[in-house]
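Observations on chain architecture
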Amino acid sequence: MIKVFCAKRIVEKLPRKPKACKEEVKPLEQWCVNLLFSGSWNFVVAMSADTRFGFVIANVDQEKFEKLPELLAEGIRKAFAYYGIRQEIMDDYLSEPPVLYGSAGVDRSTWGKLISVMKYVEFLALNKPTSDAIPIEYIALMNRRSVSVGGKDGYHPRDGMLEALQAKYQMKPISSKAFELTATMDLQMFVAKRVLEIPVSYTFQDLHKAFQGVMRWDNCHPYKFVVADKHICGSNDERNGEHDVPAKDTLLSDCLKEGDEFTYLYDFENGWKVSIKVTNTFDGYDLPRPRCVEAERAAPPENVGGISGFVKFWEAYNNPDYPNRDALVKGFTVGWDPEPDIEHLNYRLIR
């Protein structure tokens, strides 16, 4: 049974005051919630005390406080579903409604961790206000952020929750459907290639971020995907036709099937074009993020000047005596290597 410990701000809003919890609580069953006021927005911020995995309920009014256990169960279920956690695990974990308790007896350090999460949510709220009941984007940002645990940096709450569920249920917590995508980029001097595995439940915005990672780009230019007659655009500013749709709301599963070919366009001024083919669809994918399984040759550096600029850059990079070599190469080679390190590319996909 999930036991939810409520901070004073929450207790004051509840129609019935919760009692203190007197029995021992297993780590994975203990959650903590607090109330965040940010401008005109009220958020209930929820966090697993064991893993720091969390979510938020936005636009909270008194009516929502009266059904807070149901909303918390819905939030946990949506957060789990976002990562593709098995239905049988969700059903067992939420087999009983969460029970609310007062905060007495909870380790003070746990509340300190929750305060840290609340500060992060407040930053998101100020920059991305929303009226959604359970903002999915907040789930992603909260749970992949890097925090320190036991003196070590780089811990991700998402991965902590997956490890805890695997230990509890003795099975991989994720088993989802995925696409294998083969992407090529003709750069005249050579062809750069990436093979990605990515959950079919991802959006095209997620796919864009994945390509930014494996191409080692910095996500600082417009983009769009061309799939059949659809233009799937990164922002409303680029949508100007009846077939244009937003990338953040368009699922891969709604537009793609095995054998399809489509195009990813990035940085319209430089004119980067990536040709993509759906080479396979398969079940049993066990990660909450994409995976790069093959990488050949580097993508061009950002802002190098399109194909013609990259050709000059490549010639200068390989010839110490090339005229004006410093001007053509300097500033573009930081972190750039003609042969990509697939382990590093996958690290970029974790972020």
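Conventions adopted
Residues numbered from 1 in each chain as written. Predicted model: local features only at pLDDT ≥ 70, side-chain atom pairs only at ≥ 80, totals over all residues. Heavy atoms only, no water. Helix = DSSP H or I, 4+ residues; strand = E, 2+ residues; numbered from the N terminus. Contact = heavy atoms within 4.5 Å. Polar contact = N/O pair within 3.5 Å; in protein donor to acceptor, adjacent residues only side chain to side chain. pLDDT = per-residue confidence, 0-100. Phe/Tyr/Trp six-rings, centres within 6.5 Å; stacked < 30°, edge-to-face > 60°. Lys NZ or Arg CZ within 6 Å of the ring centre and 35° of its normal. Pairing = 2+ DSSP bridges. Axes fitted to C-alpha atoms, helices over the stretch in contact; angles between N-to-C directions. Salt bridge = Lys/Arg side-chain N within 4 Å of Asp/Glu carboxyl O. Buried < 20%, exposed > 50% of the residue type's maximum accessible area, 1.4 Å probe, protein only.

A few words on the environment of Arg297. Mapped onto the fold, Arg297 is located in the loop between strand E15 (291-296) and helix H10 (306-317). With 104 residues separating them in the primary sequence, Arg297 and Lys193 have C-alpha atoms 6.7 Å apart. The residues touching Arg297, leaving out its near neighbours within four places in the chain, are Phe190, Val191, Ala192, Arg194, Trp314, Pro338, Glu339 and Pro340. Polar side-chain contacts of Arg297 include one of 2.9 Å to the side chain of Glu339.

The next thing to look at is the confidence of the model for the chain. In the predicted model, the chain carries a mean pLDDT of 87, and 91% of its residues have values of at least 70. The weakest mean pLDDT in the chain belongs to strand E7 (residues 152-155) at 70; the strongest belongs to strand E13 (residues 261-266) at 98.

Let us look at the packing of aromatic side chains. Considering all chains together, one arrives at 22 aromatic pairs under this definition. With centroids separated by 5.9 Å and ring planes inclined at 55 degrees, the aromatic side chains of Phe53 and Phe80 adopt a geometry described as tilted. Note that Phe53 is positioned in the loop between strand E3 (41-48) and strand E4 (54-58) and Phe80 in helix H3 (residues 68-82), a separation of 27 residues in sequence. Three or more aromatic residues joined by ring pairs make a cluster, and in this case those are Phe204, Phe211, Trp217, Tyr223, Phe225, Phe262, Tyr264 and Tyr266. Lying across the ring of Tyr169, Lys168 places its NZ or CZ 5.3 Å from the centre. Above the plane of the ring of Phe190 lies Arg297, whose end atom (NZ or CZ) is 4.2 Å from the centre.

Here we come to the environment of Leu36. Relative to the helices and strands, Leu36 is located in strand E2 (residues 30-38). C-alpha separation for the pair Leu36 and Val121, spaced 85 residues apart in sequence, amounts to 8.5 Å. Not counting residues within four places of it along the chain, the set of residues in contact with Leu36 comprises Arg9, Trp41, Asn42, Phe43, Val45, Met118, Val121 and Glu122.

Looking now at the sheet that holds strand E9 (residues 191-199). Two modes of strand pairing occur in sheets, parallel and antiparallel, and in both the strands are linked by backbone hydrogen bonds. Here we have 8 strands laid out as an open sheet, ordered E12-E11-E10-E13-E14-E8-E9-E15, and mixed in their pairing. Two strands in the sheet have a free side with no partner beyond their single neighbour: strand E12 (244-246) and E15. Here the average twist between neighbouring strands, direction ignored, is 25 degrees. In the sheet, E13 pairs with strand E14 (residues 272-285) via 6 bridges, with the strands oriented antiparallel. Paired with Tyr264 across the bridge in E14 is Val274. Against the sheet, helix H12 (residues 342-350) makes contact with E9 and E15, and its axis sits at roughly 140 degrees relative to E15, the strand it touches most.

This paragraph deals with the pattern of salt bridges. Within the structure shown, the criterion is met by 12 salt bridges. Notably, a salt bridge pairs Asp159 with Arg158, separated by 3.2 Å at the nearest N-O pair. Classification of Arg158 by relative accessible area gives buried; the value is 4%. Ionic contacts of the salt-bridge type, sharing partners, join the residues Lys172, Glu197, Asp286 and Arg291 into one network.

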